[in-house]
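# Fold and geometry: a report
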Amino acid sequence: MIASSRSPLVWVVHLSVILLVVLWTLPTAGLLISSLRDKDQLAVSGWWTALSTSSQNLTGRAASPEAQVERDGKFVIAGNLLEGGDAKVSAFGFRPLQPSAFKAGALADIGDGQTLTVKDDGSYEIVSPTRMEGTRGQRIFYTAAVPPRFTFDNYREVMRAAGIGASFINSLTVAIPATIIPILVAAFAAYALAWMKFPGRAILIAVVVGLLVVPLQMSLIPLLKLYNGVGAVLGVPAKTYVGIWLAHMGFGLPLAIYLLRNYMAGLPREIMESARVDGASDFDIFVKIILPLSFPALASFSIFQFLWTWNDLLVAMVFLGTGNNELVLTGRLVNLLGSRGGNWEILTASAFITIIVPLIVFFTLQRYLVRGLLAGSVKGG
Amino acid sequence: MQQLIFAIATMAAGVLACAAYFFGTNWILDKLFPSKGLTGPVASRNLRITNAIRPWLFLGPALFSLTIYLIYPVIASVWLSLHDRAGENFVGLNNFVWMFNDGEFRQSIYNNFLWLLVVPAAATFFGLIIAALTDRIWWGNIAKTLIFMPMAISFVGASVIWKFIYDYRAEGTEQIGLLNAVVVYFGGTPEAWVTLPFWNNFFLMVILIWIQTGFAMVILSAALRGIPEETVEAAVIDGANGLQIFFKIMIPQMWGTIAVVWTTITILVLKVFDIVLAMTNGQWQSQVLANLMFDWMFRGGGDFGRGAAIAVIIMVLVIPIMIWNIRNAAKEMEGH
């Protein structure tokens, strides 16, 4: 609106936004690309080179002399170093100190009248005037351009071996009930705080606003003690799914009540008054009028709560066990960072699986997320 | 799979139980004190009684769980912070005395203040810049979506993403971490960034800034749109240039929103835990309060006294913002 008529400034704006967008998306793009790369290539070259063919120095061994055949009075050992791969050999050699002494297709004299040649498709031929002896094949050094290779192998690997598949189910088990159960509880409370008259209402609203910012850390130790106590009295394990659902509900309620109350308080008073004149009770009004009208706010809160419970690490670490059928994705990822710290093919694929669900939620329901953020924070502005 | 079915069944049971509670209690209330179809003093008395009871039926479950999960623990944490590791013997302020003499705690406080200085400022700054820039271009919404995206990523996932960027290979070998590759490209020497004391704090902060800028941008962008056109038009007529309009007309009208964004991120920073745990676990002098607290919760079987004392410190740092929030909410309610 300010610079729209001055073209050089417009270009500066476009360029800076492009730069910022690249800065913000590059990290995630790197993760995604890396997770799809061949693990040997991933370990030796940066993901930004994923599309270019990489030049690698490799060593191979020709077939042993037992495989030689007689052709036109000469003895020949033939084969292919690349075994059908689509790499291209550019140079080869037979001494470790001169691994690329000869161009692909050239004829190298390797002594005793024997010659070696390697073509660019990897096929080699050793030709000797006499029968060759020995059991070991000739060593061949070569430089090959290996084309990029993309694969889902890393994903197959982590789903099976690294336990990500099991943790995916565990995370769903935590997140779905922990998102849905608080909604009804919060909606009723929000309606009472928005539209019913009773003593202490203002204080309760202030308490809810205050609780919005109470650090989770304050709750951890007393609740851990409480859970251990309850577990001991009832003879059940202290760390259960029911326990973490209730914990997530308790921690999510202040935001839920706050968001829903603000939304409901903004609904037109006339609707409720006319319903009341018709003899509807508060309960009828809430169930038949307010609840359906509050759908956008309910959706906003559900998205927040789902993202928060899915992405949570702290609550799961304290209130849920670490067995294979309880460890959530975030917890598993932290463990992998410790145990498989250098195996980037494992880490990148695992990380991508943990972020894919929130990303899908984000891209499909972004509208509600933005609306919820605005309702939850814009005050006094 | 089985546990997922169990989860869905529990969820259905939970929702049904909630619904049954609300419907049931209301039905009982209406049966006990009927007012429909009645007239006269009995009806109005019953109506008064039901109107006095019903709010508490609506609020009941929420208040119960807020009390158990937030109010009681706050009080209990303060109590525990004055007791020994098992929470049995009263030790007065010993835990706090220990804390302020503990090098690791002082390191954490110092680091936390660094985080508090840098992260909210940087995230708000970038958010404001991006909001202002994207407002003027036709593909602004696409740009905003992409910058907002990290918000959906977990702190642990983001830590893996950035750990990959900070990855270090010995000098001379090919770097697969983006940062070191760039440094080497420009002729520098590669470094193991997260192990550099002091500076590693900033490398960890980048992750949180990366996540939170989208949040700041969304809120501030809405505030920008909410600025009355007339004020900008008047400034244009008076001959103000773009920068003057931005800094002298727009920013002053957004102070309230900027403060909200700033404080929200500040609270998040005080609680930052996952990033430090995943990146360094407090090694190389990068410890912060929340991670230290978690550490003491389980260290050597768990020292609840010290853990609670650290939690209390975090709480004390949050209280000013809490009061400010409550005041704002109260002001807003009076306005309604």
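In what follows, the structure referred to is the one given above.
Remember, predicted model here, so these are calculated numbers, not experimental data. Every chain begins its residue count from 1, and numbering advances along the sequence as written. Following the order in which they are written, the chains are lettered starting with A and the ligands numbered starting with 1. Totals for whole chains, interfaces and linings use every residue, but because this is a predicted model, local features are given only for residues with pLDDT of at least 70 and side-chain atom pairs only at 80 or more, for both listing and counting. As a convention, hydrogens and water are excluded, and side-chain values are obtained from all of the structure's heavy atoms.

### Looking at the pattern of salt bridges
Residues and elements named next belong to chain B. Salt bridges are defined as contacts in which a side-chain nitrogen from Lys or Arg sits within 4 Å of a carboxyl oxygen from Asp or Glu. Taken as a whole, this structure holds nine salt bridges over all chains when the rule is applied. The salt bridge involving Asp30 is made with Arg54; its shortest N-O contact spans 3.5 Å. Within this pair, whereas Asp30 is found in helix 1 (residues 2-32), its partner Arg54 is found in helix 2 (residues 40-81), the two being separated by 24 residues in sequence. Among the salt bridges present, the one from Arg225 reaches Asp135, with a minimum N-O distance of 3.2 Å. Remark: Asp135 occurs in the loop between helix 4 (103-134) and helix 5 (140-148) and Arg225 occurs in helix 8 (residues 199-225); sequence separation between them is 90 residues. A helix here means a DSSP run of H or I that spans at least four residues, while a strand means a run of E at least two residues long, and both kinds are numbered starting from the N terminus.

### Some remarks on empty space enclosed by the protein
A cavity here means a set of 1 Å grid points, computed over protein atoms only, where a 1.4 Å probe fits but cannot escape. A pocket is an open set with protein on both sides within 12 Å along at least 5 of 7 lines, and lining residues have an atom within 4 Å of a point. Grid points are joined across faces, edges and corners, and a volume is the space filled by probe spheres set on the points. In total, this model carries four cavities of 30 Å³ or more according to the counting rule given. Of the pockets and cavities examined, the largest cavity occupies roughly 1,400 Å³. Lining the largest cavity are 48 residues, and of these Leu255 and Trp308 of chain A together with Thr264, Leu268 and Lys271 of chain B sit closest to its centre. Looking at the lining of the largest cavity, the elements with two or more residues in it are helix 5 (201-211), helix 6 (216-234), helix 7 (241-265), helix 10 (295-311) and helix 13 (344-377) of chain A together with helix 8, helix 11 (255-270) and helix 14 (304-335) of chain B. Residue type decides the class: Asp, Glu, Lys and Arg count as charged, Ala, Val, Leu, Ile, Met, Phe, Trp, Tyr, Cys and Pro as nonpolar, and the leftover types, Gly among them, as polar. Taken together, the residues of the lining of the largest cavity sort by class into 32 nonpolar, 12 polar and four charged. Roughly 50 Å³ of internal volume is contained in the second largest cavity. As for the second largest cavity, its lining consists of Ser171, Val174, Ile244, His248, Thr309, Trp310, Asp312, Ala316 and Val328 of chain A.

### What about the pairing of strand 4 (residues 88-93) of chain A?
Looking down a regular strand, the side chains alternate between one sheet face and the other. All names here are of chain A. Relative to strand 9 (residues 139-146), strand 4 runs antiparallel, the two sharing five bridges. If you follow Gly93 over to strand 9, its bridge partner there is Phe141. As defined by bridge partners, strand 4 adjoins strand 5 (residues 102-103) across two bridges and the pair is classed as antiparallel. Along strand 5, the bridge assignment pairs Phe92 with Phe102. Pairs of strands are assigned from DSSP output, requiring at least two bridges between the strands.

### Topic: the interface of chain A and chain B
Taken together, the contacts link 117 residues of chain A with 112 residues of chain B. Buried area is understood as the total, over both parts, of accessible area removed when two parts are fitted together, assessed with a 1.4 Å probe. In total, chain A and chain B occlude about 10,500 Å² of area from one another, counting both sides; carbon and sulfur atoms represent 81% of this. Looking at the side of chain A facing chain B, the largest losses of area belong to Trp24, Met218 and Trp344 of chain A, adding up to 8% of the total buried there. Inspection of the chain A/chain B interface yields zero salt bridges. Pairs of N or O atoms are called polar contacts if they sit within 3.5 Å, as long as, within protein, a hydrogen donor faces a hydrogen acceptor (for residues adjacent in sequence, only side-chain-to-side-chain pairs). The interface formed by chain A and chain B includes nine residue pairs in polar contact (both at pLDDT 80 or more). Looking at the side of chain A that touches chain B, the element that brings in the most residues is helix 1 (residues 7-35) of chain A, giving 16 residues. Split into classes, the residues belonging to the side of chain A that touches chain B amount to 86 nonpolar, 25 polar and six charged. Two residues qualify as a contact provided that any one of their heavy atoms is within 4.5 Å of a heavy atom in the partner residue.

### A few points about the pairing of strand 9 of chain A
Residues and elements named next belong to chain A. Categorising residues by exposure relies on relative accessible area from a 1.4 Å probe, with only protein chains included: less than 20% of the type maximum marks a residue as buried, more than 50% marks it as exposed, and the intermediate range marks it as partly exposed. Burial within strand 9 is extensive, with six of its eight residues counted as buried. Direction of pairing for strand 1 (residues 54-61) relative to strand 9: antiparallel, over a ladder of eight bridges. Bridge assignment links Ser55 to a residue of strand 9, and that residue is Ala145.

### Points about the packing of aromatic side chains
Working definition: rings of Phe, Tyr and Trp (its six-membered ring) pair if their centres are within 6.5 Å, and the pair is stacked with planes under 30 degrees apart, edge-to-face with planes over 60 apart, and tilted otherwise. Per the stated rule, a full pass over the model turns up 40 aromatic pairs over all chains. Here Phe362 of chain A and Phe363 of chain A contribute two aromatic rings whose centre-to-centre distance is 5.1 Å and whose plane-to-plane angle is 80°, an arrangement assigned as edge-to-face. When its relative accessible area of 41% is taken as the criterion, Phe363 of chain A is described as partly exposed. With centroids separated by 5.4 Å and ring planes inclined at 70°, the aromatic side chains of Phe198 of chain B and Phe202 of chain B adopt a geometry described as edge-to-face. Counting every residue linked through ring pairs, the aromatic cluster contains Phe188, Tyr191, Phe283 and Phe286 of chain A together with Tyr21, Phe22, Phe23 and Phe58 of chain B. The rule is short: NZ of Lys or CZ of Arg within 6 Å of the ring centre and within 35 degrees of the ring normal puts a charge over the ring. Directly above the ring of Trp98 of chain B sits Arg306 of chain B, whose terminal nitrogen or CZ lies 4.1 Å from the centroid. Directly above the aromatic system of Trp296 of chain B lies the positively charged group of Arg306 of chain B, at a separation of 5.2 Å from the ring centroid.

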